[in-house]
Amino acid sequence: AEKGRFQTIFEGLDGSLYSVRNSEKICVFQLDNLGLHLRDSLPIGGLVNGFYENSTGKLLYFATSNGIVRIGKSKGSKPVYVTNQNGLPGNYIAGLLADTAANFWLGTNKGLAYFNRNDSLRVFALADGMQSTGFHLQAALKLRNGDLWFGGSNGITIVPAGGLPPDVKTKPKVQLT
C-alpha cells in the first residue's frame, strides 16, 4: 500500500481515483468491493489544484504548481507541460474549470487563461474585465447554468456560460487631463 501524505483526489470517467502523494507523483487507485487498490502512478510532481479528463477518456490534464500537465492514459505516456514559456501567464495554476464546449479556463497566480482543445492559449488581463491578476487556490466554481467563477485578490471574475468573449475591436481613445 502507498504511504505518505495525500493532498488532493479526483475521480476519472472510468471511476479511477487520482491522488497526489507527497507532491512527488500521482497515484491511480481503483475502488471495488474488496477495497482500494493501487493500479498505477503518474510521474507528475508539485501541488495539483485541478483535474480535467477529455470526453474520450484518453487524455488527462492536471493543473499544478508547475503549469498544466497533459498525459495520455495509455501505459508509458510521458507528461507534457504547458508553462509560461508556452504563453501561460503564470505557472502556478490555482484553479481549472471546463466550459460547456470542453475547453478549460485556468486561474493562475498571474492572470486568467483560456486553454482550448487544440492546446492554444489566450490570456486575459485587467483591460479585458478581470477583477484580479492573481487567483486563489481552488477558488473556482462552475455554476449549474455553466457560468465559471474565479476568486481572486480583488474580487470574483465571472466567465459567462456562452464561452469565449470576442476580441475588443475598438481601440481606446487617449485623453489627456
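Everything in this summary refers to the structure shown in the same document. (Residues numbered from 1 in each chain as written. Predicted model: local features only at pLDDT ≥ 70, side-chain atom pairs only at ≥ 80, totals over all residues. Heavy atoms only, no water.)

Judged by side-chain polarity, Leu141, Trp149, Ile156 and Ile158 come together as a nonpolar surface patch covering roughly 360 Å² of accessible area. Within the fold, Trp149 resides in strand E14 (residues 148-152). For Trp149, a relative accessible area of 31% gives the class partly exposed. (Patch = residues over 30% accessible without salt bridge, like charges linked within 9 Å, V, L, I, M, F, W, Y side chains within 5 Å. Areas by Shrake-Rupley, 256 points an atom, 1.4 Å probe, with all protein chains shown as cover. Salt bridge = Lys/Arg side-chain N within 4 Å of Asp/Glu carboxyl O. Helix = DSSP H or I, 4+ residues; strand = E, 2+ residues; numbered from the N terminus. Buried < 20%, exposed > 50% of the residue type's maximum accessible area, 1.4 Å probe, protein only.)

Pairing is antiparallel in the open sheet, where 4 strands are placed in the order E1-E2-E3-E4. With partners counted over all chains shown, the strands left at the sheet margins are strand E1 (6-11) and strand E4 (35-42), one partner each. Sheet twist, expressed as the average angle between the axes of neighbouring strands with direction ignored, equals 30°. By the bridge criterion, 5 bridges tie strand E2 (residues 17-21) to strand E3 (residues 25-32) in an arrangement that is antiparallel. By the bridge assignment, Leu17 is partnered in E3 with Phe29. (Pairing = 2+ DSSP bridges. Axes fitted to C-alpha atoms, helices over the stretch in contact; angles between N-to-C directions.)

With respect to the helices and strands, Arg70 occurs in strand E7 (residues 67-72). For Arg70, a relative accessible area of 18% puts it in the buried group. Excluding anything up to four places from it in sequence, Arg70 contacts Leu59, Leu60, Tyr61, Lys78, Pro79, Val80 and Asp119. (Contact = heavy atoms within 4.5 Å.)

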